[in-house]
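Next come the chains, spelled out residue by residue.
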Amino acid sequence: QVQLVESGGGLVQAGGSLRLSCAASRNIFGINAMGWYRQAPGKQRELVAAIARVGSARYHDSVKGRFTISRDNAKNTVYLQMNSLKPEDTAVYYCNAGPILGREGNYWGQGTQVTVSS
């Protein structure tokens with residue numbers, strides 16, 4: 001079992017930046033895949049970025065070059081640095097943990113709202 005708590009969401013203008021954090025209740029070194037998903041109103045949840053224990057990462061095409069996922073196993077925290085934000089990035093962002101990179105794991109945070117104004 002692991003509890004995940006997201007923070008760092010908010011309201012930002014287009015072109016701005018935000019850094020999301022996901023703090024885990026226990027050591028995440030043993031968790032292979034940590035990821036960020038998002039869900040906008042009326043849309044399906046989608047994978048934004050995911051990172052494996054050894055550091056390999058994957059991104060949704062729409063965020064490549066703008067978002068960077070990282071993990072600090074010593075701090076039990078995963079980050080999502082979001083730059084050059086666009087209105088279409090507006091969504092609730094969720095942290096996720098599981099065994100397989102790019103697949104939804106069983107553990108979810110409560111979500112943090114990101115709103116990008118035009």
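Our subject is the structure listed above.
Rules behind the numbers
Residues numbered from 1 in each chain as written. Predicted model: local features only at pLDDT ≥ 70, side-chain atom pairs only at ≥ 80, totals over all residues. Heavy atoms only, no water. Core = buried A, V, L, I, M, F, W, Y, C linked by side-chain atoms within 4.5 Å. Buried < 20%, exposed > 50% of the residue type's maximum accessible area, 1.4 Å probe, protein only. Helix = DSSP H or I, 4+ residues; strand = E, 2+ residues; numbered from the N terminus. Pairing = 2+ DSSP bridges.

J.: Looking at this structure, how should I read the nonpolar core?
T.: Generally speaking, nonpolar side chains in soluble globular proteins are found buried as a group. Membership of the largest hydrophobic core comes to 28 residues, with the highest contact counts inside it found for W36, L80, M82 and Y93. For this core, the secondary-structure elements that each account for two or more residues are β3 (18-24), β4 (33-39), β5 (46-52), β7 (67-72), β8 (77-82), β9 (91-98) and β11 (112-117). Within the second largest apolar cluster, 6 residues are counted, among which are A33, Y37, L47 and A50.

J.: Help me understand unusual backbone geometry in this model?
T.: Residues other than glycine predominantly adopt negative phi, and peptide bonds predominantly adopt the trans conformation. We note that N76 has phi near 55°; this positive angle belongs to a residue other than glycine. If you trace the backbone, N76 turns up in the loop between β7 and β8.

J.: Is there a simple way to explain the pairing of β9 in this structure?
T.: A regular strand places its side chains on the two faces of the sheet in alternate fashion. Summarising burial for β9: 6 of the 8 residues are buried, a large majority. Two strands pair when backbone bridges link them, and β4 and β9 are joined in this way by 7 bridges, in the antiparallel orientation. Along β9, the bridge assignment pairs Q39 with V92. With 3 bridges joining them, β9 and β11 adopt antiparallel strand pairing.

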